[in-house]
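Understanding the architecture of this molecule
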Amino acid sequence: MSSGASLRQVEIRRADRPGDLGWVVMAHGELYDRQFGWNTDFEALVAKIVANFATDRDPAGEAAWIAEVDGERAGCVLLVAGDRPEDAKLRVLLVTPAARGLGLGTRLVEEALGFARVAGYRRVTLWTNDNLVSARRIYEHFGFVLTEEEPHHSFGHDLVGQTWALGLDGGPTEE
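Residues numbered from 1 in each chain as written. Predicted model: local features only at pLDDT ≥ 70, side-chain atom pairs only at ≥ 80, totals over all residues. Heavy atoms only, no water.

1. Section: the pattern of salt bridges
Note the following rule: Any carboxyl oxygen of Asp or Glu that lies within 4 Å of a side-chain nitrogen of Lys or Arg is treated as forming a salt bridge with it. Each helix is a run of DSSP H or I of at least 4 residues and each strand a run of E of at least 2, with the numbering of both proceeding from the N terminus. Note on classification: 1.4 Å probe, protein chains only; a residue is buried when its accessible area is under 20% of the maximum for its type, exposed when over 50%, partly exposed between these limits.
In this structure the tally under the stated criterion is ten salt bridges. Put simply, Arg8 and Asp70 hold a salt bridge, and the shortest N to O gap is 3.4 Å. Of this pair, Arg8 sits in the loop between helix H1 (3–6) and strand S1 (10–14) while Asp70 sits in the loop between strand S2 (63–69) and strand S3 (72–81); the two residues are 62 residues apart in sequence, bridging distant segments of the chain. For Arg17, the salt bridge is made with Glu68, and the minimal N-O distance between the two is 3.4 Å. Taken together, the residues span a long stretch of sequence, with Arg17 in the loop between S1 and helix H2 (20–36) and Glu68 in strand S2 at a distance of 51 residues. Exposure remark for Arg17: the relative accessible area of 41% places this residue in the partly exposed category.

Here it is as structure tokens:
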């Protein structure tokens, strides 16, 4: 980390302020368009994920976090219930380009995994695309294992979707 980065004020907090969830949707739509040329289908997917979280959230088992740098939103992640009671899903991890290199992605995932453990989940899964290399490095750092890959055409592009899983209790990552 550069000496300039150490002077920046970084905070990871719950996404519980007005505008936080809207920012998650907007930031994803704008950033993924600029970086990858993904169309508004991606923003719509993020909007559905965020809307489901906002309207159906179980506070005991689901949470969202915002990373701020110098008082400005710069990253986010959600942890939501999975398809099985013992599973959680990590969703919509993002760090803005201006805030990359500060360890925000790692800190956001660490916060979500800590919450998942306290909430009693045994496994965390996530879905991503193979071109999101920086995010995959973070997942691998925490021990997530690639469990499935499948080509798909989404967001205006041919992509390879990936499912990753992490056993929180030392158990298997697959079903």
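Once you've had a look at it, read on.
2. Describing the environment of Ala51
Counting through the fold element by element, Ala51 comes out in helix H3 (residues 40–56). Sequence-wise, Ala51 and Trp65 are 14 residues apart; in three dimensions their C-alpha atoms are separated by 15 Å.

3. Re the side chain of Glu62
Quick reminder of the rule: Positive: Lys, Arg. Negative: Asp, Glu. His and the chain ends are not part of the count. Pairs of N or O atoms within 3.5 Å make up the polar contacts considered here, provided that, within protein, one atom can donate a hydrogen while the other can accept it, and that residues adjacent in sequence are counted only when both atoms are side-chain atoms. Whether two residues are in contact is decided by their heavy atoms: any pair within 4.5 Å suffices.
Mapping Glu62 onto the fold places it in the loop between H3 and S2. Buried and unpaired, Glu62 has no salt bridge, with Arg57 as the nearest side chain of opposite charge at 6.5 Å. Within the structure, Glu62 has its side chain in polar contact with the backbone nitrogen of Ala81 (distance 2.8 Å). Beyond its immediate sequence surroundings of up to four residues, Glu62 is in contact with Phe53, Asp56, Arg57, Leu79, Val80, Ala81 and Phe115.

4. Description of the pairing of S2
Along any regular strand the residues' side chains alternate between the sheet's two faces. So the rule is basically this: Two strands are said to pair when DSSP picks up at least two bridges between them.
In terms of burial, S2 is largely enclosed, as seven of its seven residues are buried. Burial along S2 is two-sided: the residues Ala63, Trp65, Ala67 and Val69 and Ala64, Ile66 and Glu68 are all buried. Inspection of the sheet shows S1 paired to S2 by five bridges, in the antiparallel sense. Residue pairing across strands places Glu11 opposite Glu68, the latter belonging to S2. Bridging between S2 and S3 involves seven bridges; their strand directions are antiparallel.

5. A few points about the packing of aromatic side chains
Definition in use: Paired rings are identified among Phe, Tyr and Trp, the last through its six-membered ring, by centres lying within 6.5 Å, and are further divided according to the angle between planes into stacked (under 30 degrees), edge-to-face (over 60) and tilted (the rest).
Taken as a whole and judged by the stated rule, the model has nine aromatic pairs. Between Tyr32 and Trp38, the aromatic rings sit 5.1 Å apart at their centres with planes inclined by 35 degrees, giving tilted as the arrangement. Exposure class is identical for Tyr32 and Trp38. Each is buried. Arranged with centres 4.9 Å apart and planes meeting at 75 degrees, the rings of Trp38 and Phe42 form a pair that is edge-to-face. Phe42 gets classed as buried once you look at its relative accessible area, which sits at 9%. What links up through ring pairs into an aromatic cluster is the set Tyr32, Phe36, Trp38, Phe42 and Phe155.

6. Remarks on the nonpolar core
Basically, it comes down to this: Definition of nonpolar core: a set of buried residues of the types Ala, Val, Leu, Ile, Met, Phe, Trp, Tyr and Cys, connected through side-chain atoms within 4.5 Å.
Membership of the largest hydrophobic core comes to 54 residues, with the highest contact counts inside it found for Trp65, Leu79, Leu90, Leu104, Val124 and Phe144. Of the residues forming this core, the biggest block, seven residues, is contributed by helix H4 (residues 104–118). With sequence-adjacent residues up to four places away left out, Leu90 is seen in contact with Val77, Leu78, Leu79, Val109, Ala112, Val124, Thr125, Leu126, Tyr139 and Phe144.

7. A look at the sheet that holds S1
Note the threshold: To obtain each axis, a line is fitted to C-alpha atoms, and for helices this fit is confined to the stretch in contact; angles are then taken between N-to-C directions over 0 to 180 degrees.
The strand order S1-S2-S3-S4-S5-S7-S6 describes an open sheet built from seven strands, whose pairing is mixed. Pairing within the sheet leaves two strands with one partner each, and these edge strands are S1 and strand S6 (145–154). Across this sheet, the average inter-strand angle for adjacent strands is 20 degrees, counted without regard to direction. Note that strand S5 (residues 123–129) and strand S7 (residues 157–167) share seven bridges and pair antiparallel. Following the sheet pairing, Trp127 is matched in S7 by Thr163.

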